[in-house]
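# Chain and residue survey
Below are the chains, spelled out letter by letter.
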Amino acid sequence: MSAPIETYKVFAIKYGDHERRSPTNFIGGDTHDVSMPLDYFVWAVVGESRTFMVDTGFDAATGNRRGRYIKNPVEKGLAAIGVDAAKVDDVIVTHMHYDHAGNQSLFPNARYHVQDREMAYCTGRCMCHPVIKRFFEPDDVTSMVRRTFEGKMEFHDGDAQITSGLSVHHVGGHTDGMQVVRVHTAQGWMVLASDAAHYYKNMQEGRPFPAVYNLGDMMEGHKRLYSLASKPELVIPGHDPLVLERFPAVSRELQGWVARLDGAQR
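Residues numbered from 1 in each chain as written. Predicted model: local features only at pLDDT ≥ 70, side-chain atom pairs only at ≥ 80, totals over all residues. Heavy atoms only, no water.

## Details of helix H6 (residues 138–149)
With 12 residues, H6 should reach 16 Å at 1.5 Å per residue; the first-to-last C-alpha distance of 17 Å fits that figure. When we look at burial in H6, the residues that qualify are Asp140, Val141, Ser143, Met144 and Arg147. Seen along its axis, H6 keeps its buried residues to an arc of 160 degrees; they face one direction. Set apart from the buried face of H6 by more than 90 degrees, the exposed residues are Pro138, Asp139 and Phe149. Turning to H6, the residues buried within the fold contact helix H3 (98–101), strand S6 (111–115), helix H4 (116–123) and strand S7 (153–156). Immediately beyond the C-terminal end of H6, within one or two residues, lies Gly151, with a positive phi of roughly 75 degrees. (Helix = DSSP H or I, 4+ residues; strand = E, 2+ residues; numbered from the N terminus. Expected span 1.5 Å × (residues − 1). Buried < 20%, exposed > 50% of the residue type's maximum accessible area, 1.4 Å probe, protein only. Arc of directions from axis to C-beta. Contact = heavy atoms within 4.5 Å.)

## Brief notes about the nonpolar core
Judged by nonpolar contacts, the single largest core of 43 residues is most densely connected at Leu78 and Phe107. Residue assignment for this core shows that the elements contributing at least two residues are strand S1 (9–18), strand S2 (38–46), helix H2 (74–80), H3, S6, H4 and H6. Per-element accounting of this core gives the leading share, 5 residues, to S2. Other than its neighbours up to four places away in sequence, Phe107 contacts Met53, Thr56, Leu78, Ala85, Val88, Val91, Tyr112 and Arg147. Counting residues in each nonpolar core, the second largest holds 37 residues, with Val191, Ala196, Leu234 and Ile236 among its members. (Core = buried A, V, L, I, M, F, W, Y, C linked by side-chain atoms within 4.5 Å.)

## A look at the sheet that holds strand S12 (residues 235–237)
Reading across from one edge, S8-S9-S10-S11-S12 is the order of the 5 strands in this open sheet, with mixed pairing throughout. The open sheet is flanked by strand S8 (160–163) and S12, the only strands paired with a single partner. Each strand of the sheet is rotated relative to its neighbour by a mean of 25 degrees, with strand direction disregarded. Examined bridge by bridge, S8 and strand S9 (residues 166–170) share 3 bridges and lie antiparallel to one another. Looking at S9, one finds that Thr163 is bridged to Leu166. Here helix H8 (residues 215–228) sits on the sheet and contacts S9, strand S10 (179–185), strand S11 (188–194) and S12; the angle it forms with S11, its principal contact strand, is near 155 degrees. (Pairing = 2+ DSSP bridges. Axes fitted to C-alpha atoms, helices over the stretch in contact; angles between N-to-C directions.)

## Here's the deal with unusual backbone geometry
The backbone of Asn103 shows a phi angle near 55 degrees, a positive value even though the residue is not glycine. Mapped onto the fold, Asn103 is located in the loop between H3 and S6. Positive phi values are uncommon outside glycine, yet Ser194 reaches one of about 50 degrees. Relative to the helices and strands, Ser194 resides in strand S11. For Ser194, a relative accessible area of 1% corresponds to the buried category.

## Here we look at the pattern of salt bridges
Under the defined criterion, the tally for this structure stands at 13 salt bridges. In this structure, Asp30 and Arg207 form a salt bridge, with 2.9 Å as the shortest nitrogen-oxygen distance. Residue Asp30 is located in the loop between S1 and S2, and its partner Arg207 is located in the loop between helix H7 (200–204) and H8; the two are separated by 177 residues in the primary sequence. When its relative accessible area of 12% is taken as the criterion, Asp30 is described as buried. Between Lys223 and Glu220 there is a salt bridge, with its nearest N and O atoms 3.7 Å apart. Placement of both Lys223 and Glu220 in helix H8 is noted, with a separation of 3 residues, approximately one turn of the helix. By relative accessible area, which is 56% here, Lys223 ends up exposed. Connected via shared salt-bridge partners are Lys14, Asp17, Asp39 and Lys71. (Salt bridge = Lys/Arg side-chain N within 4 Å of Asp/Glu carboxyl O.)

## Structural notes on the packing of H4 against H6
If you want to describe how two helices pack, look at the angle between their axes and the distance between the axes. Put simply, H4 and H6 touch, their axes get as near as 11 Å, and they point 130 degrees apart. Taken together, H4 and H6 sit at an angle that is classed as oblique. Relative to H6, the crossing made by H4 is left-handed. Of the residues in H6, those in contact with Met119, Cys122 and Thr123 of H4 are Val141, Met144, Val145 and Thr148. Taken together, the residues of the contact of H4 with H6 sort by class into 5 nonpolar, 2 polar and no charged. (Parallel < 35°, antiparallel > 145°, perpendicular 65-115°, else oblique. Left-handed = near helix turned anticlockwise from the far one by under 90°. Nonpolar A, V, L, I, M, F, W, Y, C, P; charged D, E, K, R; others polar.)

## Digging into the environment of Pro23
By secondary structure assignment, the location of Pro23 is in the loop between S1 and S2. We classify Pro23 as partly exposed; its relative accessible area is 27%. With 186 residues separating them in the primary sequence, Pro23 and Phe209 have C-alpha atoms 9.9 Å apart. Every residue in contact with Pro23, bar those within four places of it in the chain, is listed here: Gly29, Asp30 and Asp33.

Structure representation (structure tokens):
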């Protein structure tokens, strides 16, 4: 008799946001030209014996330098759901852009999970091009290199099963080593897409986000997201404010800040 698949609770934690107009969120622009802000999230995947962080956000110094401001620090959002960052054992970095791979000092005991191709991408010749490297923080990249020498890294080459209820899947597109996370929840298999799709509309309408390394891989990646999930509504985009509208807050005090993704939607 096979062992049961592990089931996890999943939390979306918003730590900041950035005002944008809709034309900046789609290749080819958008004729509506309306406000379409971008929310910054990290995700906590909590099991009975193991907690995973999916991405780590950026700190105040990085945000201030880039004109991006933090509303609630990542560690404060984690504490609100009872997660001690210093005790997190595993961090999955979907890709190495500054808003997903900072704050590494918050997780001193964690093993980091990264795609081989992402590390090669952000330490190789592509970083000679300002239009590409502007999304990366050198300190984040060098911190990841140090973790490698400290034995605190686990590299993945494509798809990898980490537990019976959690796996990573390389999709590329946004960056060369972009990976997504598939999580087993009470509602079925959920996919934390991160920046494989910034907004619901990117994947639902076939209109990709402009920050892209390989457009073909990004478009095929949108299809893969749906194939990995039990149902379309369990594909969670990386920056869409609608996530906090479609899923319930953990409590009234955490409204607009921390949402529970593994329960019934609103």
